[in-house]
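A look at the structure
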Amino acid sequence: MHQRHIYLIFIIVFGPFFSGYSQNPINDDCNSPTPLCFNEWVKGSNYNATTQICDQCSDWSNNSNCFELQNTVWFKFLTNKRGGSANIKIKNIQCNGDTNNTYFNELEAVVLRADSNCLHTTYEFISNCQSSANLITFDFINLSPEQEYMLVIDGSVNPNDSSILPASCEFEVAAYGDALDPLVDAGQDVFTAPNVGAPLSGSGMGDPSWYPDDNITNSSIFDPMVFLDINTLFELTITQEIGCSYSDQVMVYVQEPLDVFNTITPNNDGVNDTWKIKKIESYPLCKVSIFSRWGQRLYYNIGYPENKQWDGKYKGNELPSGTYYYVIETSSNIGESTYSGYINLIR
């Protein structure tokens, strides 16, 4: 079991004043950071943010040669069980100082490690400080596995003019990279017989939940059993402790004996215009071949979807009335592996 640590990224924003914000941001407190979900852009603003809401949030400055916190907002993200490389990007920085010299218009950032969030005595810098009015990126190559990180955005003051107020800015931020991939996987497609228990094999970094949640032994574990009489698409959703959710899907095919029609009448009357095979949709890997009486293959397809059904033609040309022969390799371990027989084509 890995010991969990909190990592904090402090970002100082210098910039525009937005009159549309009248309350403190919901992530103004380091105890309530907004989650950064894998590869998803989040819009934020530090307008009306403070350092007074959370005790000791700004007391780290005595240990820092980087910057002094002013009006902070907090974000967090989580690494997976592999750890490794990750990237943080802050873009589209729009600050009041871009048009109004009352406010500064630049962003500073640094990454910290903390064994306890909001407790400055546990802070440890793990990156250099960066600053920009346009774009800031952090590139990590060796993040620890199953660790929580925090990103704090804060308005800075003009070091040359104390009369200019700390920046208030809007921005977009995202966290991505191999170390942040939630690794959600609903498993390989499953093939089973009717009402026979079939195992699902999901995995991922988070608490699992399957849908639909009926005909399943336990929808809250990664590897439940399902009992079905029809093909069913299951969705696995994992929810992480920081609040991010991710999903993947798996199909469970219920395989019953095929019912193969032996007559086709392609006269465009809407009845038997194509060759029908009932329950073939449960055999997506099947190989279907049709031959002439002399052994020439006239049709071949893997799977037999409705838009690929044989219509009595070969290379677009109508075949004459007569007897043709089929072979269906089901690629199934449940029932019959091969079906063969004849088809009467009647015009």
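That block above? That's the structure.
Our subject in this report is the structure included herewith. Predicted, not measured: the structure shown is a model, and the values here were computed from it.

With omega at 0°, the peptide bond leading from Tyr-211 into Pro-212 counts as cis. Inspection of the secondary structure assignment puts Pro-212 in the loop between strand 14 (207-211) and strand 15 (225-226). Positive phi outside glycine occurs at Asn-215, with the angle close to 55°. Note that Asn-215 resides in the loop between strand 14 and strand 15. Exposure remark for Asn-215: the relative accessible area of 46% places this residue in the partly exposed category. Phi is positive for Asn-268, which is not a glycine, with a value near 60°. Assignment of secondary structure puts Asn-268 in the loop between strand 19 (263-264) and strand 20 (277-278).

Note that strand 12 (residues 190-192) and strand 17 (residues 245-254) share 3 bridges and pair parallel. When the sheet's bridge partners are listed, Thr-192 is paired in strand 17 with Val-254. Bridging between strand 16 (residues 232-239) and strand 17 involves 8 bridges; their strand directions are antiparallel. Of the residues in strand 17, the one forming a bridge with Thr-237 is Ser-247.

Together, Phe-191, Leu-285 and Ile-334 make up a nonpolar patch on the protein surface, roughly 250 Å² of accessible area in all. Considering the arrangement of structural elements, one finds Ile-334 in the loop between strand 25 (322-329) and strand 26 (338-345).

Moving on: the nonpolar core. In this structure, Leu-36, Phe-75, Ile-88, Ile-90, Phe-171 and Val-173 are the most contacted members of the largest nonpolar core, which totals 30 residues. Secondary structure elements with two or more residues in this core: strand 4 (71-78), strand 5 (84-95), strand 6 (107-114), strand 9 (136-143), strand 10 (148-155) and strand 11 (169-176). Ranked by residue count, the leading element in this core is strand 5, at 5 residues. Listed in part, the 21 residues of the second largest apolar core include Ile-264, Tyr-299, Leu-319 and Tyr-339.

Looking now at the packing of aromatic side chains. The description of two aromatic rings rests on the distance between their centres and on the angle between their planes. In this structure the tally under the stated criterion is 8 aromatic pairs. Pairing Phe-75 with Phe-171 gives two aromatic rings, centres 6.2 Å apart and planes at 75°, and the pair type is edge-to-face. One end of the pair, Phe-75, is in strand 4; the other, Phe-171, is in strand 11, and 96 residues separate them in sequence. Here Phe-138 and Phe-140 contribute two aromatic rings whose centre-to-centre distance is 6.1 Å and whose plane-to-plane angle is 10°, an arrangement assigned as stacked. The exposure classification of Phe-138 matches that of Phe-140, with both residues buried.

Another aspect to go through is the state of the cysteines. Evaluation of the coordinates by the stated rule reveals 2 disulfides. The residue that forms a disulfide with Cys-37 is Cys-244, at a sulfur-sulfur distance of 2.1 Å. On the S-S bond that ties Cys-37 to Cys-244, the torsion sits near -95°, and the link is left-handed. A residue pair is termed long-range when its members are at least 10 positions apart, and Cys-37 in the loop between strand 2 (34-35) and strand 3 (42-45) and Cys-244 in the loop between strand 16 and strand 17 qualify at 207 residues. Residues Cys-37 and Cys-244 agree in their burial class; the two are buried. Between the sulfur atoms of Cys-95 and its disulfide partner Cys-169 the distance amounts to 2.2 Å. Its S-S torsion of about 105° marks the bond between Cys-95 and Cys-169 as right-handed, since a negative value means left-handed. With Cys-95 in strand 5 and Cys-169 in strand 11, the pair connects residues that are 74 residues apart, well separated along the chain. Of the two residues, Cys-95 and Cys-169, neither departs from the other in class, the shared state being buried.

Take the side chain of Ser-289 next. Tracing the sequence through the fold places Ser-289 in strand 21 (residues 287-291). The buried category is assigned to Ser-289, whose relative accessible area is 4%. With residues near it in sequence (within four places) discarded, Ser-289 still touches Arg-297, Tyr-299, Tyr-300, Tyr-325, Tyr-326 and Val-327.

Cut-offs and rules
- Sequence order sets the numbering: in each chain, residues are counted from 1 along the sequence as written.
- Totals for whole chains, interfaces and linings use all residues, but because this is a predicted model, local features are given only for residues with pLDDT of at least 70 and pairs of side-chain atoms are given and counted only at 80 or more.
- In computing side-chain properties, one takes all heavy atoms of the structure into account and sets aside hydrogens as well as water.
- Numbering of helices and strands runs from the N terminus, with a helix taken as a DSSP run of H or I at least four residues long and a strand as a DSSP run of E at least two residues long.
- Throughout this description, buried means an accessible area under 20% of the type-specific maximum (1.4 Å probe, protein chains only), exposed means over 50%, and partly exposed covers the range between.
- DSSP bridges decide pairing: two strands pair if at least two such bridges lie between them.
- Surface patches are drawn from residues lacking salt bridges whose relative accessible area is over 30%; two like charges belong together within 9 Å, two nonpolar side chains (Val, Leu, Ile, Met, Phe, Trp, Tyr) within 5 Å.
- What sets the accessible areas is the Shrake-Rupley method with a 1.4 Å probe; for residues, cover comes only from the shown protein chains.
- Any carboxyl oxygen of Asp or Glu that lies within 4 Å of a side-chain nitrogen of Lys or Arg is treated as forming a salt bridge with it.
- Residues grouped as a nonpolar core are buried Ala, Val, Leu, Ile, Met, Phe, Trp, Tyr and Cys residues, joined through side-chain atoms within 4.5 Å.
- Here a Phe, Tyr or Trp ring, Trp counted by its six-membered ring, pairs with any other such ring whose centre lies within 6.5 Å, and the pair is stacked when the planes are under 30 degrees apart, edge-to-face when over 60, and tilted otherwise.
- Counting rule for disulfides: a pair of cysteine sulfur atoms within 2.5 Å.
- Two residues form a contact once any of their heavy atoms are found within 4.5 Å.

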